[in-house]
Amino acid sequence: MTSKHLSESLYGWVDERLGLSELAAFARHKKVPVHSQSFWYYWGGISLFLFLVQCFTGVLLLVYFRPGAEAYESVRQITFVMHFGWLIRSAHAWAANLMIFAIMVHMFSVFFMKAYRKPREFGWLSGMALLGVATVFGFSGYLMPMDELSYFATKVGLEIPASIPIVGTAIANMLRGGPEVSEFTVQRFFALHVVVLPALFLPLLGFHLWLVQRHGNAAPPSEEAKPASERKSEPFMPNFLRKDLAMWLISLNILALLASVFPWSLGKQFDPLSPAPVGIHPEWYFMSPFEMLKMIGVVLPGVWGEIGGILIFSAGILLWLLIPFYDNSSESGRRGRRAHYFGLFAVISLLATTVIGYWTIR
Amino acid sequence: MSENNNLPANIVVEPGETLTRRFFMTAAGAAGLLYTAALAYPIYRYLASPEEMAMNATAVTEVTLKDAQKLAPGSVLMFKFGTAPAMLIHHEDGRWISLTAVCTHLGCTVQYEPQADRIHCACHGGVYDPYTGANVSGPPPRPLKLFKVAVSDAGVQVSRA
């Protein structure tokens, strides 16, 4: 038997049992719309790629990281003793930031292309849930080195659940493992970061990707308005996939450049008795809500400002989350335009408060 | 090149073109390989770091055991020679013997038994002579290696024989 015959009969054997040819046929028929805004279709894939980078570099860090009382010492060892440990840690930190950025670009492009409309409501909701879990990934991962910055960031961050009336203190103590941020906090954040959050994220991601396969890429309203004969598309296999992978390669190069040219720093070991370092500020993706709460605090001082701020904030997020249910028309009428303005308002206020936040760091 | 086999017969491939295509494919393959190597090298070195540290530790040729000269006759002191366990035996007759404590069969740590006057491996029942390290019975294929021992007032110096 020639090798061609052998591989054919092997493929036949596997195909009969796993149905590979059905998958191949599905992939052959999958099409992606081509239009002036096609560029934004890559950002979901870029987010996915960066998540894979996180899994990979995360496992590598897990090889030497020791949670609990030795957390700082083990990160110091990774950064300064193990060969290229600094690079792997830097890649993990940079890819985390780039992933949040890519998810946000993906979210806003979905919003402005109105890709959340029927039948893609679950895609929007699961995507928002993924962003939510990703920010908790970011928050919990930030504590892992247990240096000064991570200590104070966690201390401040946990004041937000603590400000919930009645149950707040109990929730914050449960998350912290006691009244103060300590080795118990890093130990339970570690469990959250490497077990609980992946266990939530992976099935959500599977669901999200399955929905993309089921419904395909959404065309924006301007494309939908065109007659079918004028709409263009290209096969996913191999045309779009090839470009998708090229984007992954570009992302990897940008990541490698950032991680090696701007290595992530490690501060001094945390010390509950030393004052907070000057110029301490939240990560950029928490800067906007932080600044908004500060602004509301100026208008409405005291506890009421905090509660009011959290209420206004929750209402805004709820409004954002429920967009598929009140902007569901396929025509770009007045209601559609209103959603568009809401999106513009969200982008502008996010950018403005972030800029103000960085501007006012002392 | 095999790519040409896929071309329909009526397409004539200029020799120059084939060379360009072949050159391009080779160059792309080489670039891909270099790229993969550039990614794999730091990861390999990162994972191999403890192994390299251990290599530095095994380069040790002698160990000084402080106050070990006070070891009572008929007893044993376990210590690390480099990274591997080793034993120092002070025999009832006053002789000092030091040997590796790693069984030559499957690498378990062996034990000196003063009552039976033997070195025994609990994993598969290997037995060694406590004076020479010779494999006496059981599965061990080779004897335990002996170290040189020098006893002084400050301690015991063990070195590679």
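Scope of this entry: the structure provided in the associated data block. It should be emphasised that the depicted structure is a prediction, and the values quoted were computed from it without experimental measurement.

### Some thoughts on helix α12 (residues 236-261) of chain A
All names here are of chain A.
Then step 1. Along its 26 residues, α12 runs 35 Å from first to last C-alpha, staying within 8% of the 38 Å computed at 1.5 Å per residue.
Then step 2. Among all positions in α12, only Phe236, Phe240, Ser251, Leu255 and Ala259 are buried.
Then step 3. On its buried face, α12 is in contact with α2 (20-29), β1 (31-34), α3 (42-62), α5 (85-112) and β2 (232-235).

### Here's the deal with the packing of helix α6 (residues 121-143) of chain A against helix α7 (residues 148-157) of chain A
All names here are of chain A.
Then step 1. Where α6 contacts α7, the axes come no closer than 8 Å and their chain directions differ by 135°. Taken together, the axes of α6 and α7 lie oblique to each other. Contacts from Phe139, Tyr142 and Leu143 of α6 reach α7 at Ser150, Ala153, Thr154 and Gly157.
Then step 2. In terms of residue class, the contact of α6 with α7 is built from 4 nonpolar, 3 polar and no charged.

### A closer look at the packing of α5 of chain A against α6 of chain A
Residue and element names in this part refer to chain A.
Then step 1. At a closest axis distance of 11 Å, the pairing of α5 and α6 adopts a crossing angle of 160°. Relative to α6, the element α5 is oriented roughly antiparallel. With respect to the hand of their crossing, α5 and α6 are arranged in left-handed fashion. Contact residues: Ala96, Met99, Ile100, Ile103, Met107 and Val110 in α5; Trp124, Gly127, Leu131, Ala134, Gly138 and Gly141 in α6.
Then step 2. Here the residues of the contact of α5 with α6 sort into 9 nonpolar, 3 polar and no charged.

### Here's the deal with the sheet that holds strand β7 (residues 127-128) of chain B
Strands pair in a sheet through their backbones, by hydrogen bonds, and they do so in one of two ways: parallel or antiparallel.
Residues and elements named next belong to chain B.
Then step 1. Overall, antiparallel pairing links the 4 strands, which are arranged β5-β6-β7-β8 in an open sheet. The open sheet has two edge strands, β5 (111-113) and β8 (135-137), and neither has a second partner.
Then step 2. By the bridge criterion, 3 bridges tie β5 to strand β6 (residues 118-120) in an arrangement that is antiparallel. The partner of Tyr112 across the bridge, within β6, is Ile119.

Basis of the calculations
- Residues numbered from 1 in each chain as written.
- Chains lettered and ligands numbered in written order.
- Predicted model: local features only at pLDDT ≥ 70, side-chain atom pairs only at ≥ 80, totals over all residues.
- Helix = DSSP H or I, 4+ residues; strand = E, 2+ residues; numbered from the N terminus.
- Expected span 1.5 Å × (residues − 1).
- Buried ≥ 20, exposed ≤ 12 C-beta atoms within 10 Å, placed from the backbone.
- Contact = placed C-beta atoms within 7 Å.
- Axes fitted to C-alpha atoms, helices over the stretch in contact; angles between N-to-C directions.
- Parallel < 35°, antiparallel > 145°, perpendicular 65-115°, else oblique.
- Nonpolar A, V, L, I, M, F, W, Y, C, P; charged D, E, K, R; others polar.
- Left-handed = near helix turned anticlockwise from the far one by under 90°.
- Pairing = 2+ DSSP bridges.

No statement about biological role is implied by the geometric values presented.
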